[in-house]
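Okay, here's what each chain looks like letter by letter:
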Amino acid sequence: MRVAGKYTRLSASRGMAPPGRPIRSARGMSKKRRILIVSRSLPFHAAGGMEHVAWDLSRALVRSGQVVTVLTTSIPGRPTAFSEDGVGVVTARDTAPGRYSRSFWAFTREWFRGEAGGSSDVAAVLSVSAGAYGLLGERAHHPDVRFLMQAHGTSVGDIRARWSGPGIRKRMASARNVAWLSRDLRAYGRFDTIVAVGPRVEAQLRGWPLRAVTRGTRVTRVDNGIDTDLFRPDPGTRQRTREELGWKADEVGVITVSRLHVLKGVREAMRGFARFA
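Reference entry: report on the structure contained in this document. Note that the coordinates shown come from a computational prediction; the quantities given were computed from them, not determined experimentally. (Residues numbered from 1 in each chain as written. Predicted model: local features only at pLDDT ≥ 70, side-chain atom pairs only at ≥ 80, totals over all residues. Heavy atoms only, no water.)

## Description of the pattern of salt bridges
1) Next: In the structure shown here, the tally under the stated rule is 11 salt bridges.
2) Next: Between Arg139 and Asp192 there is a salt bridge, with its nearest N and O atoms 2.4 Å apart. Residue Arg139 is found in the loop between strand E7 (122-128) and strand E8 (146-151), and its partner Asp192 is found in the loop between helix H5 (174-187) and strand E9 (193-196); the two are separated by 53 residues along the sequence.
3) Next: By relative accessible area, which is 12% here, Asp192 ends up buried. (Salt bridge = Lys/Arg side-chain N within 4 Å of Asp/Glu carboxyl O. Helix = DSSP H or I, 4+ residues; strand = E, 2+ residues; numbered from the N terminus. Buried < 20%, exposed > 50% of the residue type's maximum accessible area, 1.4 Å probe, protein only.)

## A few points about the nonpolar core
1) Next: Counting 35 residues, the largest nonpolar core has Leu36, Val125, Tyr133 and Leu205 as its most contacted members.
2) Next: Per-element tally for this core: the top contributor is helix H2 (residues 102-116), with five residues.
3) Next: In this view, Leu36 contacts Thr69, Leu71, Trp111, Phe112, Val122, Ala124, Val125, Leu126 and Leu135; residues no more than four positions away in its chain are not counted.
4) Next: Grouped together as the second largest cluster of nonpolar side chains are 17 residues, Leu57, Val62, Phe82 and Val128 included. (Core = buried A, V, L, I, M, F, W, Y, C linked by side-chain atoms within 4.5 Å. Contact = heavy atoms within 4.5 Å.)

## Concerning the packing of helix H3 (residues 155-162) against H5
Angle between the axes and distance between the axes: these two values describe a pair of packed helices.
1) Next: Between H3 and H5, the shortest axis-to-axis distance is 8 Å and the interhelical angle comes to 160°. The angle between H3 and H5 places the two elements in the roughly antiparallel class. In terms of crossing hand, the pair formed by H3 and H5 is left-handed. Seen from H3, the contacting residues are Ser155, Val156, Asp158, Ile159 and Arg162; seen from H5, they are Ser174, Asn177, Val178, Trp180, Leu181 and Asp184. (Axes fitted to C-alpha atoms, helices over the stretch in contact; angles between N-to-C directions. Parallel < 35°, antiparallel > 145°, perpendicular 65-115°, else oblique. Left-handed = near helix turned anticlockwise from the far one by under 90°.)

## Structural notes on the environment of Ile255
1) Next: Within the fold, Ile255 resides in the loop between helix H8 (235-245) and helix H9 (266-276).
2) Next: Sequence spacing of Ile255 and Ala269 is 14 residues, and the spatial spacing of their C-alpha atoms is 9.2 Å.

## What about the pairing of E9?
1) Next: Of the two faces of E9, both are covered, the one formed by Thr193 and Val195 as well as the one formed by Ile194 and Ala196.
2) Next: Here E8 runs beside E9; their pairing, made up of four bridges, is parallel. Counted as the bridge partner of Met149 is Ile194 from E9.
3) Next: Pairing of E9 with strand E10 (residues 218-221) involves four bridges; the strand directions are parallel. Bridge assignment links Ala196 to a residue of E10, and that residue is Arg221. (Pairing = 2+ DSSP bridges.)

## Some remarks on unusual backbone geometry
With glycine set apart, most residues show a phi of negative sign, and most peptide bonds adopt trans.
1) Next: That bond from Trp208 to Pro209 is cis: its omega, 0°, falls within 30 degrees of zero.
2) Next: By the secondary structure assignment, Pro209 is in the loop between helix H6 (199-206) and helix H7 (211-214).
3) Next: In the Ramachandran plot, Asp94 falls in the positive-phi region, its phi being about 60° despite a non-glycine side chain.
4) Next: Locating Asp94 in the fold gives a position in the loop between strand E6 (87-92) and H2.

Written out as structure tokens, the structure is:
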């Protein structure tokens, strides 16, 4: 899978994804079937790692010939259903953009029951983080559908990060993560496979206390990828950029890229730069 840095072409046409070639599910069924991806947020909502990875995966599956539908929260300025790069996108009307909510999870259940009832065409459900938590109750009614989760982080990791340093407000905010931990403990064991996006997330899923519920679930790892067509050495661009920034040809530059959020370690990076600069 390749991960692009930004998405600038967001012009969409109405309608759903075009038909794809047949795929074979892990349950051995062989007919034309859909891959359903559920994510609270996409690059149409905000620029973030989870959003770009989910969207790039959707596009890559379509390029390989699969039929892909993504359920997500409302997108301001967009219709409730549209197609972009062959990916069918269905949004939950009157939900907070980019946020989990009971109304969003209820919408995913209603859509799944309507689309998957009877002669189901859904081969697999991919939950981007907690996106498909609202569908786990449907699993018993559709034993031929694989339920997978793409884990971009864990509540355990968030709690540890908030308690790893000083700050009363940061620690108070961990109460929300504790509530999410309870929800995660109930959900993780109900997935067929959980895919961690990096070694730290994988270690958290295999460690205490999550291992108590992930032992019966296959935990694997697929590291976030890099689009080597976009991010590659370019001597000419390197020289021009260094000249624009006033950097010498042999000067070492260190860059950190993330949201300005306490859990992203921006403060620690700035302190490190100041110390070793």
